[in-house]
Amino acid sequence: MRLLLDTEQRAFADSLDAMLTAADTPSVVREWSRGAPARGRALWSRVAGAGVFALAVPPAHTGVGPLPVELAVAFVELGRHAVPGPLAETVAAAALLAKLADPGPAGRLLPALVAGEASATLALDGAYAPDGDTAAVRLALTAGELRLAPGHGPVRGCLDPARRLTPLTAGGELLCCAPPVELAVTWARLATAAQALGVGLALLDRTVAHVRRRTQFGVPVGSFQAVKHRLADARTALDFARPLLFGAALTMAPADVAAAKVTACEAAYATARTALQLHGAIGYTAEYDLSLWLTRARVLRTAWGGPAACRTAVLEGRAARR
């Protein structure tokens, strides 16, 4: 199957790319990581204004979806520009709220999420919630219950400085018993996979530009055979991940999304390792913008199920089809 984006989808990606390029996202990420989210929230509102979060919400709740393919297109660009905030968690929360039997919570919470007036975070079984300090909607899935957490604990550090982890306060309003957890995980994994693909593409582009500029023995480093091989391997891995991502967005089968997630995240992680090696010592420095994508690739690899968990989901999905 040959999966190609249509004209409208490509135009949507181009418009997001132009908007995020003008926003100077590296400086926004650094401010977000220091606990100064004002510019990040402004950017979040502009992303929502482009219709990104509406793609996971049906029209009954002020959305235009569900449109998982278009959401994947958008999240590739969000990953390419390292946009901070609980992106995948907001999508998962929105998709989950839209599916609750009681329409009350969705009616109260979804319009603000779709409009970008608020973000959401989501934690499973007591795990830390990303960006719980900035999210207005904090959902906790524990012991088969979905609750609206009343607050959060202290911020904990993370390898990705723009991912601020917090425990959620126990208790809070009970929204649902036996919520569709698999649905939330599937949407979160799709968004994470798309982000990872965008991160990998950004790392590859920056590394190619670097080895073209850097010279040794009077010639560009990029002309060396070994460097070409590493970059070609990274490009091949990302190219293989792309059709899996959009194929999974078409089916939204949990096993397909898990396969796309592990493939895209492993490709981005391998590209990050190549980028770090070819940049040399400068790649380790936090002041160099490359670090924003290096740390993001590492964190996305384990977010919403690491490689082992996703591979298990793929095998279980195949077994269920037999």
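Located above this text is the structure these notes cover.
Note that this is a predicted model, so its numbers are computed, not measured. (Residues numbered from 1 in each chain as written. Predicted model: local features only at pLDDT ≥ 70, side-chain atom pairs only at ≥ 80, totals over all residues. Heavy atoms only, no water.)

## What about helix α2 (residues 25-33)?
- Within the span of α2, buried status applies to Thr 25, Pro 26, Val 28, Val 29 and Trp 32. Down the axis of α2, the buried side of the element spans an arc of 160°, and every buried residue falls inside it.
- Tucked into the core, α2 has its buried residues touching α1 (7-22), α3 (38-49) and α10 (290-302).
- Just downstream of α2, Gly 35 is the residue with a positive phi angle, here 80°. (Buried < 20%, exposed > 50% of the residue type's maximum accessible area, 1.4 Å probe, protein only. Helix = DSSP H or I, 4+ residues; strand = E, 2+ residues; numbered from the N terminus. Arc of directions from axis to C-beta. Contact = heavy atoms within 4.5 Å.)

## Remarks on the packing of helix α9 (residues 254-279) against helix α11 (residues 307-321)
- Between α9 and α11, the shortest axis-to-axis distance is 8 Å and the interhelical angle comes to 150°. With respect to their mutual orientation, α9 and α11 come out roughly antiparallel. For the element pair α9 and α11, the recorded crossing hand is left-handed. Within the contact between the two elements, α9 uses Ala 255, Asp 256, Ala 258, Ala 259, Lys 261, Val 262 and Glu 266 and α11 uses Pro 307, Cys 310, Arg 311, Ala 313, Val 314, Gly 317 and Arg 321.
- Split by residue class, the contact of α9 with α11 holds eight nonpolar, one polar and five charged. (Axes fitted to C-alpha atoms, helices over the stretch in contact; angles between N-to-C directions. Parallel < 35°, antiparallel > 145°, perpendicular 65-115°, else oblique. Left-handed = near helix turned anticlockwise from the far one by under 90°. Nonpolar A, V, L, I, M, F, W, Y, C, P; charged D, E, K, R; others polar.)

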